[in-house]
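# Summary of structural features
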Amino acid sequence: MVEKGHPRYRSLKLREKILEAYHKGVLADAGIIAHGRGEAFDYLIGEKTRRPALRAIKAAAALLLLAEDPVLSVNGNTAALISEGIVELARLLDAKIEINLFHRTPQRVKLIEEILKRAGAREVLGTDREKLKHLKGIKSPRATASPRGIYTADVVLVPLEDGDRAEMLKRAGKTIITVDLNPLSRTSRKADISITDNIVRAIPLLIRYVKKLKGCKRDELKKILEGFDNKKNLEDMLRLIDLQRMRKL
Ligand code: PTJ
């Protein structure tokens, strides 16, 4: 039982959630390690949404609203931490939700589908009832996609994504948004928009921005996107976790 006054209260509560999901079989073994890596980066950024992340969230909201066929990709960690948020975001954007697992097993697909349905999802793509296709003929188990989802999507939100998969999505011509606490990861560097923030903070903020920008004209949304530079934004984020400077604090 974590005490509310504990300085790591929120972080420890997330750990409990992750461990519970792991014991239920929702998470891949590697999901725990990935969470630990995320925790370390979260600690370094001060466990709060920093300005560059907010800029990326605003740009992501604009891009998702401009998209013709947006898809929200869900893996084990995302389902364990923020399934209700994903479902609400999909509803606001009229986007599809697709299960996309790096360590895919029929049992995990089933459990994640149940979680998403319980969270209110009407339809979940990427299950074993569908015949998945390979992105642009890339014959890799990392390149599978639902023919009605990621395969035909123009914009894909892929939180906590593995670098190989992110590369394949780019090779298949997708515009990708990621949420990844590690600004140095291959995924953060490959993505068109990288939100360096904890997914439990980023998705509610993304929902807020989508609601705020929903009434904007396409030109206004395009202007927001034009003013966003992902490389510069990642550099700004890295400067925030400059350890040399932190030591002097
Ligand atoms: O459920 P599966 O089978 O699809 O597997 C999912 C994992 C996460 C195991 C798989 O995609 C993987 O191995 O990912 P990586 O390569 O470890 O990358 C995950 C990234 O997410 C790392 O850069 C972490 O720092 C980051 N991360 C972890 N937890 C969070 C996070 N980013 C944002 N919010 C978090 N809560």
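Everything quoted here is computed from the prediction, not taken from an experiment.

Once that is clear, we can look at the sheet that holds strand β6 (residues 175-179). Pairing in this open sheet of five strands is parallel, and the strands run β2-β1-β5-β6-β7 from one edge to the other. The open sheet terminates on both sides in strands that have one partner only, identified here as β2 (96-99) and β7 (193-195). Averaged over neighbouring strand pairs, the angle between their axes works out to 20 degrees when direction is ignored. Where strand β5 (residues 155-157) lies against β6, three bridges are found, and the strand directions are parallel. Bridging across to β6, V156 finds its partner in I176. Sheet contacts for helix α5 (residues 106-118): β1 (70-74) and β2; angle to β2, the most-contacted strand, approximately 155 degrees.

Residues in contact with the ligand amount to 25 residues; listed here are only the nearest, A34, G38, N75, G76 and N182. If you list the elements that add at least two residues to the shell around the ligand, you get α2 (29-44) and α4 (76-93). With seven residues, α2 is the single largest residue contributor to the shell around the ligand. Within the shell around the ligand, the residues separate by chemical class into 11 nonpolar, 10 polar and four charged.

What follows covers the packing of helix α3 (residues 51-66) against helix α10 (residues 230-240). Between α3 and α10, whose axes approach to 8 Å, the crossing angle comes to 155 degrees. Between α3 and α10, the interaxial angle falls into the category roughly antiparallel. Along this stretch, α3 crosses α10, giving a crossing that reads as left-handed. Across the interface between the two elements, P52, R55 and A56 of α3 pack against N233, D236 and M237 of α10. Among the residues forming the contact of α3 with α10, the class breakdown is three nonpolar, one polar and two charged.

What follows concerns the nonpolar core. Membership of the largest hydrophobic core comes to 65 residues, with the highest contact counts inside it found for A60, L72, I86, I97, L116 and V156. If you tally residues by element for this core, the top one is α3, at 10 residues. Setting aside anything within four residues of it in sequence, one finds I86 in contact with L72, V74, T78, I97 and I203.

Turning our eyes to something else, we now look at the UniProt feature "binding site: ATP" (unreviewed entry) in the protein chain. Mapped onto this numbering, the UniProt entry annotates "binding site: ATP" (unreviewed entry) at R15, R37, D180, L181, N182, R186, T187, N198 and I199. In summary, the annotated positions, distributed over 185 residues, remain apart in three dimensions as well, the widest C-alpha pair reaching 24.5 Å. Inspection of the secondary structure assignment puts R37 in helix α2. With respect to the helices and strands, D180 occurs in the loop between β6 and α7 (186-190). Here D180 is in contact with L160, S185, T187, S188, S194 and T196, once residues within four sequence places are set aside.

About the cut-offs
- Residues numbered from 1 in each chain as written.
- Predicted model: local features only at pLDDT ≥ 70, side-chain atom pairs only at ≥ 80, totals over all residues.
- Pairing = 2+ DSSP bridges.
- Helix = DSSP H or I, 4+ residues; strand = E, 2+ residues; numbered from the N terminus.
- Axes fitted to C-alpha atoms, helices over the stretch in contact; angles between N-to-C directions.
- Contact = placed C-beta atoms within 7 Å.
- Near = placed C-beta within 6 Å.
- Nonpolar A, V, L, I, M, F, W, Y, C, P; charged D, E, K, R; others polar.
- Parallel < 35°, antiparallel > 145°, perpendicular 65-115°, else oblique.
- Left-handed = near helix turned anticlockwise from the far one by under 90°.
- Core = buried A, V, L, I, M, F, W, Y, C linked by C-beta atoms within 7 Å.
- Buried ≥ 20, exposed ≤ 12 C-beta atoms within 10 Å, placed from the backbone.
- UniProt positions renumbered as here; feature names shortened; annotations may be inferred.

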